[in-house]
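Topology and contacts: notes
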Amino acid sequence: MKSWLGKPAEAIALYRASRAARRRARSGQFRIRRGIGSSLALLFLAISGIAGFFIGGHDAGFRREYGTIPDALARAFGFGIRQIAVEGASELARDEVIALSGLDARASLPFLDPKDLQENLARVPLIAEATITKLYPDRLRIDIRERMPYAIWQLDGEVKVVAADGTAIEPFNDARFLRLPHVVGKEANLRVKEYAILLEAVPELGAKVRAGTLVAGRRWDLKLLNGVDLKLPEEGAEEALRRFWTLEKEHKLSERAVLAIDLRLPDRIALRLTEEAAAQHAEDVAARIKKLGGRV
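The rules behind these values
Residues numbered from 1 in each chain as written. Predicted model: local features only at pLDDT ≥ 70, side-chain atom pairs only at ≥ 80, totals over all residues. Heavy atoms only, no water. Phe/Tyr/Trp six-rings, centres within 6.5 Å; stacked < 30°, edge-to-face > 60°. Helix = DSSP H or I, 4+ residues; strand = E, 2+ residues; numbered from the N terminus. Buried < 20%, exposed > 50% of the residue type's maximum accessible area, 1.4 Å probe, protein only.

The subject of this paragraph is the packing of aromatic side chains. Scanning the entire structure with this criterion turns up two aromatic pairs. Aromatic pair F79 and Y136: ring centres 6.3 Å apart, planes at 75°, arrangement edge-to-face. Of this pair, F79 sits in the loop between α4 (69-76) and β1 (83-87) while Y136 is found in the loop between β2 (127-135) and β3 (139-146), placing the two residues 57 residues apart along the sequence. Between Y195 and W220, the ring centres sit 5.0 Å apart and the planes meet at 40°, which makes this aromatic pair tilted. Of the two residues, Y195 is situated in helix α7 (residues 192-200) and W220 in strand β9 (residues 219-224); the sequence distance between them amounts to 25 residues. For Y195, a relative accessible area of 1% corresponds to the buried category. A relative accessible area of 3% places W220 in the buried class.

What follows is about the environment of R256. Structurally, R256 can be placed in the loop between α9 (237-251) and β11 (258-262). Judged by relative accessible area, R256 falls into the partly exposed class, the value being 47%. When the C-alpha atoms of R256 and L271 are compared, they prove to be 9.8 Å apart, with 15 residues separating the residues in sequence.

None of this, on its own, says anything about what the molecule does.
In structure tokens, the structure reads:
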């Protein structure tokens, strides 16, 4: 049998089958796989929920309760901070160091910036250096080097504990610091090492000194426990103290009725008497003069 065009029926059937195959191939390129629609719907709902979460202001409450979303996710996967080791602290307690670092209990190890904690600790006068180390998955180590209390510094009625470099560590409010050297005056805190060396020149005398006052930034006056002032020279202060101590052991000058002992002259020691002692001294001198037949 032939078609009305004169082509064999088999050829026509083959031609039609070929066109149908080409149409199916072209339509297969745009076929939507099963499940794509459901996935897109779920994605749309998720995006809508997240947008509503932020637009509705719920993110602020979430951060207050759980911290940032990255931190919350990191903690959920086991990267929360569960152990904190503090090394190098003696004056500060472990919990004090952690609190001063500003560490947030909601933080996670991956998103924690050690520099922030180190800067917070560096602002604490008692802490000279701080190093923060993250130890995955859930540990944090804080190493600090404290400024050790070295002296007590008094200026304009305020008393502070200072380190060897003169940095004011904290207000003086603890009796345990009474053992420290006591300096008074402007910039006396910057010369506490010099003052300590001065006292070490005569250790026996150092135990009798209450405080040292820096005078005009040039020299020291020492206040003894009994209230007597020792006025030291600007140069040769250590030698002046040794000279005084030699006389003190023999004559007990500081135990007499004196207000001050002036050691600023290299060849003599001047005593400033109390008013009562000065009056008595004047009477004694007058009596001696009269006894010698002179006039007062």
